[in-house]
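Observations on the three-dimensional arrangement
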Amino acid sequence: MVNVFLCILLVITCIFLGLRPQRRTIKMAIDRGIKRKEFIPFYQPIINSMTGSIVGCESLIRWCKANGEIISPANFIDIAEQNKQIYEITDVLISHVTNDIAKLNNISDDFFVSINVVPRQLQNQTFATKLLNTLSANKVSNHRISIEVTERTPFTDLSSAKAVMQRLVDNHIGIKLDDAGTGFGGFSYFQELPIRTLKIDKMFIDTIGTSDVKANILNAIISFGKKAKLTMIAEGVETQEQVNYLKTQGIFLIQGFFYAKPMPFSDLEKYIDNNMKG
Ligand code: C2E
Ligand code: CA
Ligand code: CA
Ligand code: CA
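As a starting point, this report considers the structure included with it. Treat the numbers as computed from the prediction; the structure is a model and nothing was measured.

Looking only at helices and strands, the protein has 10 helices and nine strands in total. C-alpha extents for the protein along the principal axes are approximately 70 × 50 × 40 Å. The contacts of the protein with a sequence gap of at least 6 include a subset with a gap of at least 24, amounting to 69%. Here the protein has roughly 14300 Å² of accessible surface; of this, 57% comes from carbon and sulfur atoms.

Dropping the structure here:
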């Protein structure tokens, strides 16, 4: 009994001494990164597999350090969220994305760039106000932006989220449910919130051509999406076999390494130019 108690005490002490300072260090590093303007968006194209044309892209944040090191969001987004630094990071990202869109020419009328936000941000009207103001200050049409909200973490205030989303949608900013099927909302979000687009997570795309039980979930998501008349985007698509299977299921909007990896803005401009030349 005493041993068990000592073990637990040891674990707690280790967590306290080890993890917490590490998190604090990362928090301070993030603050420095924000000041030094080291957070910038990369862009991953979303392709219509029937035509090969780019229809839009997703912005994915990268922490680009002065020494050339590029840090992926998996290493800092959760910490930034816990420390509420995510708000400032999102502001920075929106300002980059808006500036970048303003520079794009050669894009189709409905070309869009998605921005990832955590559910908590969508519960606050300040988010919508800032976004709409930034777009208007840069003379970027609202329909160029869409919001991806993950269902990996829950909404704590669904009715506020609904009001913010409705305001965005009324202003021509679409909302996409990210990582659908992996998290909290289940499919009830599509009934309760003004979301008309579903992103199918890589976890399910990976099951194509395998006998994984999750392959049934993929088919269930697709059939739900069709019945609810949602737009569906498949994410994490890496092979021709996956593209073909998705085509047979009527899913044509594809994002994944099969077509392109996330890239800096200068490469996106070239990508779009080449894509337009066909
Ligand atoms: P996500 O929103 O689900 O983004 C898709 C992730 O899948 C991206 O990882 C992308 O690079 C990766 N991916 C796309 N296609 C493929 C593929 O074919 N194969 C493989 N192996 N991976 C693929 P990334 O850029 O590392 O972002 C990870 C997560 O970090 C994102 O997942 C998103 O939840 C979060 N994130 C990224 N940028 C932001 C941001 O600006 N704000 C917030 N709140 N979260 C962000
Ligand atoms: Ca996303
Ligand atoms: Ca996703
Ligand atoms: Ca994902």
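We are not done yet, so read on.
Moving on: the nonpolar core. Proteins that are soluble and globular tend to have nonpolar side chains buried together. Counting 69 residues, the largest nonpolar core has Leu122, Ile147, Leu168 and Ile200 as the members making the most contacts within it. Not counting the four nearest positions on each side in its chain, isoleucine 147 is found in contact with Ile115, Val117, Leu122, Phe127, Leu131, Leu168, Ile173, Gly174, Ile175 and Lys176.

Here we take up the packing of aromatic side chains. Overall, the coordinates contain nine aromatic pairs when judged by the stated rule. Judged by centre distance (5.0 Å) and plane angle (80 degrees), the ring pair of phenylalanine 258 and tyrosine 259 falls under edge-to-face. Given a relative accessible area of 26%, tyrosine 259 falls into the partly exposed group. Three or more aromatic residues joined by ring pairs form one cluster here, namely Phe39, Trp63 and Phe76. Taking NZ or CZ as reference, lysine 65 lies 4.6 Å from the ring centre of tryptophan 63, over its face. Against the face of phenylalanine 112 rests lysine 176, its NZ or CZ located 4.1 Å from the ring centre.

It is worth spelling out the coordination of the calcium ion (ligand 2) at this point. Distances from the calcium ion (ligand 2) to its protein donors, Glu58 (OE), Asn116 (OD1), Glu148 (OE) and Asp178 (OD), fall at 2.1 to 2.3 Å. The distance between the calcium ion (ligand 2) and the calcium ion (ligand 3) comes to 3.8 Å, with aspartate 178 serving as a donor to both metals. With glutamate 148 in strand 5 (residues 145-150) and aspartate 178 in strand 6 (residues 174-180), the pair connects residues that are 30 residues apart, well separated along the chain.

Both faces of strand 7 (residues 197-200) are covered, namely the face carrying Thr197 and Lys199 and the face carrying Leu198 and Ile200. Here strand 6 pairs with strand 7 via three bridges, running parallel. In the sheet register, alanine 180 faces strand 7, and the bridge partner there is isoleucine 200. Bridge count between strand 7 and strand 8 (residues 231-235): four bridges; the pairing is parallel. Paired with isoleucine 200 across the strands is alanine 234, a residue of strand 8.

Here is what the cut-offs are and how they apply
- Residues numbered from 1 in each chain as written.
- Chains lettered and ligands numbered in written order.
- Predicted model: local features only at pLDDT ≥ 70, side-chain atom pairs only at ≥ 80, totals over all residues.
- Heavy atoms only, no water.
- Helix = DSSP H or I, 4+ residues; strand = E, 2+ residues; numbered from the N terminus.
- Contact = heavy atoms within 4.5 Å.
- Areas by Shrake-Rupley, 256 points an atom, 1.4 Å probe, with all protein chains shown as cover.
- Core = buried A, V, L, I, M, F, W, Y, C linked by side-chain atoms within 4.5 Å.
- Buried < 20%, exposed > 50% of the residue type's maximum accessible area, 1.4 Å probe, protein only.
- Phe/Tyr/Trp six-rings, centres within 6.5 Å; stacked < 30°, edge-to-face > 60°.
- Lys NZ or Arg CZ within 6 Å of the ring centre and 35° of its normal.
- Donors = N, O, S within 2.8 Å, 3.2 Å for Na, K, Ca; no water.
- Pairing = 2+ DSSP bridges.

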